[in-house]
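These are the residues of each chain, in order.
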Amino acid sequence: NHIFLSIITIFLLNFFEILNYDDFLFYKLLIIAFINDTSAYLIGSKFKGPLIVSKISPNKTWSGTISSFIISSIFIFILCSNFYFTLILAISLFLGDLFFSFVKRKTNKKDFSNLLKSHGGILDRFDSFFFFISIYNLILISQ
């Protein structure tokens with residue numbers, strides 16, 4: 001619980017930092033995270049295939065993950081024009097999603113809410129955004 005609350009706190013600090021820096025950038029990042037999550041869901045459920053980590057996320061397939069990685073990498077590269085940052089940020093989208101799937105399994109929850117039926121709730125639409133925005137903020141600060 002402490003680790004989860006710490007990560008949420010770090011996210012909120014980065015969230016407001018990016019929002020204060022440039023609200024248009026914030027919305028671009030949010031759209032990229034949404035595209036990543038949605039493309040992984042749509043392509044993974046369409047093509048299925050082998051699972052990545054079935055004990056943590058029983059529906060996460062290689063087809064969905066690889067396709068969402070490629071799609072979001074294109075958008076990230078357009079945004080930051082740096083190949084290495086693009087790779088790091090695209091991986092952070094996957095890790096954010098995987099982390100919150102892990103939290104759900106540890107707390108015996110299938111979904112974080114019932115607001116979006118069969119999609120895991122609102123948080124599941126934005127779970128990849130948590131690590132993504134934090135790492136993007138670190139990159140922004142380092143430049």
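All of the points below concern the structure found in this document. (Residues numbered from 1 in each chain as written. Predicted model: local features only at pLDDT ≥ 70, side-chain atom pairs only at ≥ 80, totals over all residues. Heavy atoms only, no water.)

1. Observations concerning a nonpolar patch on the surface
Together, W62, I66, I70, I74, F75 and I78 line one region of the surface with nonpolar side chains, adding up to about 610 Å² of accessible area. In this fold, F75 is placed in helix α3 (residues 62-80). (Patch = residues over 30% accessible without salt bridge, like charges linked within 9 Å, V, L, I, M, F, W, Y side chains within 5 Å. Areas by Shrake-Rupley, 256 points an atom, 1.4 Å probe, with all protein chains shown as cover. Salt bridge = Lys/Arg side-chain N within 4 Å of Asp/Glu carboxyl O. Helix = DSSP H or I, 4+ residues; strand = E, 2+ residues; numbered from the N terminus.)

2. Description of the nonpolar core
Residues I18, L29, I76, F129, F132, I133 and Y136 are the most contacted members of the largest nonpolar core, which totals 23 residues. At the level of secondary structure, the elements contributing two or more residues to this core comprise α1 (2-21), α2 (23-47), α4 (83-106) and α5 (122-142). Apart from residues no more than four positions distant in its own chain, Y136 is found in contact with I18, L25, L29, L79 and L89. (Core = buried A, V, L, I, M, F, W, Y, C linked by side-chain atoms within 4.5 Å. Buried < 20%, exposed > 50% of the residue type's maximum accessible area, 1.4 Å probe, protein only. Contact = heavy atoms within 4.5 Å.)

3. Some remarks on the packing of α3 against α4
Interaxial distance between α3 and α4 falls to 9 Å at its minimum, and their mutual angle equals 135°. Between α3 and α4, the crossing angle belongs to the class labelled oblique. For the crossing formed where α3 meets α4, the hand is right-handed. Residues T65, F69, S72, S73, I76, F77 and C80 of α3 touch α4, and the partners they reach there are F83, F85, T86, L87, L89, A90, I91, L93 and F94. Considered class by class, the residues forming the contact of α3 with α4 number 12 nonpolar, four polar and no charged. (Axes fitted to C-alpha atoms, helices over the stretch in contact; angles between N-to-C directions. Parallel < 35°, antiparallel > 145°, perpendicular 65-115°, else oblique. Left-handed = near helix turned anticlockwise from the far one by under 90°. Nonpolar A, V, L, I, M, F, W, Y, C, P; charged D, E, K, R; others polar.)

4. Regarding the environment of L140
Its location among the elements puts L140 in helix α5. Considered as a pair, L140 and C80 are 60 residues apart in the sequence and their alpha carbons are 9.9 Å apart. Beyond its immediate sequence surroundings of up to four residues, L140 is in contact with I18, Y21 and L25.

5. With respect to α1
Helical geometry note: an α-helix holds 3.6 residues per turn, so side chains three or four residues apart project in the same direction. The end-to-end C-alpha distance of α1 is 28 Å, a good match for the 28 Å that 20 residues give at a rise of 1.5 Å each. For α1, the full list of buried residues reads F11, N14, F15 and I18. Angularly, the buried residues of α1 cover 110° about the axis, an arc narrow enough to put them on a single face. Along α1, exposed side chains directed more than 90 degrees from the buried face belong to H2, L5, L13 and N20. (Expected span 1.5 Å × (residues − 1). Arc of directions from axis to C-beta.)

6. Thoughts on the packing of aromatic side chains
Inspection of every chain in the model, using the stated rule, returns 11 aromatic pairs. With centroids separated by 6.0 Å and ring planes inclined at 70°, the aromatic side chains of F11 and F129 adopt a geometry described as edge-to-face. Remark: F129 occurs in helix α5 and F11 occurs in helix α1; sequence separation between them is 118 residues. No difference in accessibility class separates F11 from F129, as the two residues are buried. Ring geometry for F15 against F26: centres 4.9 Å apart, planes inclined by 90°, an arrangement best described as edge-to-face. One end of the pair, F15, is in helix α1; the other, F26, is in helix α2, with 11 residues separating them in the sequence. Neither F15 nor F26 differs from the other in exposure class; each is buried. Linked through ring pairs, F11, F15, F16, F26, Y27, F99, F100, F129, F130 and F131 together constitute an aromatic cluster. (Phe/Tyr/Trp six-rings, centres within 6.5 Å; stacked < 30°, edge-to-face > 60°.)

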